[in-house]
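Given next are the chains, with one letter for each unit.
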Amino acid sequence: MVSINDEKLKQIKDEVLMCKSCELYKDRNGDEFQPVIGEGNHEANIMFIGEAPGMQEAKTGRPFCGRAGQILSELLLSAGIKREDVYIANLLKCRPPANRDPLPDEIMVCTHFVEKQIEIIKPKVICPLGRYSMKFLMEKFGLSDKVDGISKIHGQMFECQNDFKGIVIIPFYHPAVVAYNPPMKKTLLNDFKILEKFK
Ligand code: URA
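Just so it is clear, the structure is predicted and the values come from calculations on it, not from any experiment.

Student: How should the overall build of the protein chain be read in this particular structure?
Tutor: A tally of helices and strands in the protein chain yields eight helices and six strands. Shown N-terminal to C-terminal, the secondary structure of the protein chain runs as helices and strands in the order α-β-β-α-α-β-α-β-α-α-β-β-α-α. Since a compact globule built from 199 residues should have a radius of gyration of about 16 Å, the 16 Å found for the protein chain is in line with a globular shape. By principal-axis analysis of the C-alpha atoms, the protein chain measures approximately 40 × 40 × 35 Å. Split into buried and exposed, the 199 residues of the protein chain put 47% on the buried side. As displayed, the protein chain has an accessible area near 10000 Å², and 52% of this comes from carbon and sulfur atoms.

Student: Any chance you could explain helix α4 (residues 104–121) here in plain terms?
Tutor: Each α-helix turn comprises 3.6 residues. Residues three or four places apart therefore point the same way. Between its terminal C-alpha atoms α4 stretches 25 Å, which fits the 26 Å expected from 18 residues at 1.5 Å a residue. Maximal helix bending in α4 amounts to about 45°, located at C110. Tucked inside the fold, the buried residues of α4 contact α1 (4–18), β2 (46–50), β3 (87–90), β4 (125–128) and α5 (131–140). Count one or two residues on from α4 and you reach K122, which has phi positive near 50°.

Student: Got a minute to help me understand the environment of F136 in this structure?
Tutor: Along the chain, F136 falls in helix α5. Classification of F136 as buried rests on a relative accessible area of 15%. The spatial distance from the C-alpha of F136 to the C-alpha of M108 is 9.6 Å, given a sequence separation of 28 residues. Discounting chain neighbours no more than four positions away, the residues touching F136 are L91, I107, T111, V114 and E115.

Analysis parameters
Residues numbered from 1 in each chain as written. Predicted model: local features only at pLDDT ≥ 70, side-chain atom pairs only at ≥ 80, totals over all residues. Heavy atoms only, no water. Helix = DSSP H or I, 4+ residues; strand = E, 2+ residues; numbered from the N terminus. Rg over C-alpha atoms; globule rule 2.2 N^0.38 Å. Buried < 20%, exposed > 50% of the residue type's maximum accessible area, 1.4 Å probe, protein only. Areas by Shrake-Rupley, 256 points an atom, 1.4 Å probe, with all protein chains shown as cover. Expected span 1.5 Å × (residues − 1). Bend = angle between axes of the 7 residues up to and from the residue. Contact = heavy atoms within 4.5 Å.

Any link to function would need more than the numbers given here.
Following this line, the structure appears as structure tokens:
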């Protein structure tokens, strides 16, 4: 059965497909370069928000399905969480060229989509992956004074209120860090243990 959340999230997909708010839409071609909306449980308790699609994601239209995604899946498994039980999205819906960092203007014009995804899904826990997502989400949820380097605040719980209920923000290092710095896996595995209590 199609739920209200399914319909609302589908509407976001339609809006993203029409979006021309920044230059990134020009690279979209519906095949090798698709926008990546998000996927997972539409009623998830836990939502992960990365930065932007990479090459593999743009090819498939699915978030975190490349190397960083494999690492994310391993981390979820280690905390006893099924990938299909969480919702995974990104700050930006289109892939920046050569995987460069998101630009401030792109974040400004694109993040209303992820904000709507949060409003629809109403997760209890939001896990920003990486510093861009951490900064955006902490500022959005009134935690600007707590924003610090990701190396200082990774794995910590920040409680805040919003319109629908109390919400917990837990920033993590971006899983891609493990690809270029393998010893960081231990840190991420340790940080993800905190999620066991929100399953
Ligand atoms: N990195 C991200 O931030 N998001 C993805 O979907 C893939 C890699």
